[in-house]
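One-letter residues, chain by chain:
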Amino acid sequence: MKKIYSTTIINTGGREGEVFSPDKSFSYQVTSPGPHQENKTNPEQLFAAAYSSCFNSALELVMANQKITSKSTVKATVSLFSDEESGFQVGVVLSVKIDDVDRETAEALVKAAHEVCPYSKATRGNISVELEVE
C-alpha cells in the first residue's frame, strides 16, 4: 500500500487536557462530554467532524464517478455508550442528504460511499454505524 498522507496529533491530559499538532497548526482544549464549555471540544466531536468529512469526500468521489454533480451534506452523530462488559463504546449515525436525486439513487450512492470511505473501513465490525438518507 502506498502512503499518501500522514499526520501526528499529541494529547496531554486525556479528556481534560489538550490535543495539538507538533507545529501547533491544530490545537484544541479537550474535555469530557457534558455541558458545553467555551472553547473546548471532546473526542466524540472530533471523531464526528473527521468521519463526516471523510464520508462526504468518499460520497463526492462516488458521485463524480457516476457523473452526478449534486451537493451532499453528511451529519455524523457520535454517541458514547456505557458497556458493562467492556467499559465504553462509541456508535455513529451518518445522516446523508443529497440534493436533486431520488431516494433510491441516494441510498445506492451512500451504500457505495460506505464501501469506499477509509473511516467506514476502519470502523466496520468494530462499532455500530447506521446510515440514514434524508
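Everything numeric in this text was worked out from a predicted model, so none of it was measured.

This paragraph deals with the packing of aromatic side chains. Here the distance between the centres and the angle between the planes together describe a pair of aromatic rings. Tallying each qualifying case throughout the model produces 4 aromatic pairs. Arranged with centres 6.2 Å apart and planes meeting at 35°, the rings of F47 and Y119 form a pair that is tilted. Of this pair, F47 sits in helix α1 (residues 43–65) while Y119 sits in helix α3 (residues 118–123); the two residues are 72 residues apart in sequence, bridging distant segments of the chain. For Y119, a relative accessible area of 30% puts it in the partly exposed group. Ring-pair connections join several aromatic residues into one group, and the members of that group are F47, Y51 and Y119. Over the ring of F20 we find K24; its NZ or CZ atom is 3.9 Å from the centre of that ring.

Positive phi, close to 65°, is recorded for K24, a residue that is not glycine. Along the chain, K24 falls in the loop between β2 (18–20) and β3 (27–30). K24 gets classed as partly exposed once you look at its relative accessible area, which sits at 48%. Non-glycine residue N39 carries a positive phi angle of around 60°.

Size of an interface: often given as the accessible area lost when the parts come together. What the domain assignment reports for the chain is domain 1 (10–40) and domain 2 (42–133). If you average the C-alpha positions of domain 1 and of domain 2, the two centres end up 24 Å apart. At the boundary of domain 1 with domain 2, total buried surface from both sides reaches about 480 Å², with 67% on carbon and sulfur atoms. Scanning the region where domain 1 abuts domain 2 turns up 1 salt bridge. Residue E44 pairs with R15 through a salt bridge whose shortest N-O separation is 2.6 Å. Summed over the shared surface of domain 1 and domain 2, the number is 1 residue pair in polar contact (both at pLDDT 80 or more). Looking at the side of domain 1 that touches domain 2 residue by residue, the class counts come to 4 nonpolar, 2 polar and 2 charged.

Structurally, S70 is set in the loop between α1 and β5 (72–83). Of the polar contacts made by the side chain of S70, one reaches the backbone oxygen of D99; its length is 2.7 Å. Residues in contact with S70, not counting those within four places in the same chain, are M63, I98, D99, D100 and V101.

Read across the open sheet, the 4 strands follow the order β1-β2-β3-β4; overall the sheet is mixed. Either end of the sheet is taken by a strand with one partner, and the two such strands are β1 (10–12) and β4 (40–41). Bridge count for β1 against β2 is 3 bridges, and the pairing is antiparallel. Bridge pairing in β2 links I10 to F20.

What counts and what doesn't
Residues numbered from 1 in each chain as written. Predicted model: local features only at pLDDT ≥ 70, side-chain atom pairs only at ≥ 80, totals over all residues. Heavy atoms only, no water. Phe/Tyr/Trp six-rings, centres within 6.5 Å; stacked < 30°, edge-to-face > 60°. Helix = DSSP H or I, 4+ residues; strand = E, 2+ residues; numbered from the N terminus. Buried < 20%, exposed > 50% of the residue type's maximum accessible area, 1.4 Å probe, protein only. Lys NZ or Arg CZ within 6 Å of the ring centre and 35° of its normal. Domains from an automatic or database assignment. Buried area = accessible area lost by both parts, 1.4 Å probe. Salt bridge = Lys/Arg side-chain N within 4 Å of Asp/Glu carboxyl O. Polar contact = N/O pair within 3.5 Å; in protein donor to acceptor, adjacent residues only side chain to side chain. Nonpolar A, V, L, I, M, F, W, Y, C, P; charged D, E, K, R; others polar. Contact = heavy atoms within 4.5 Å. Pairing = 2+ DSSP bridges.

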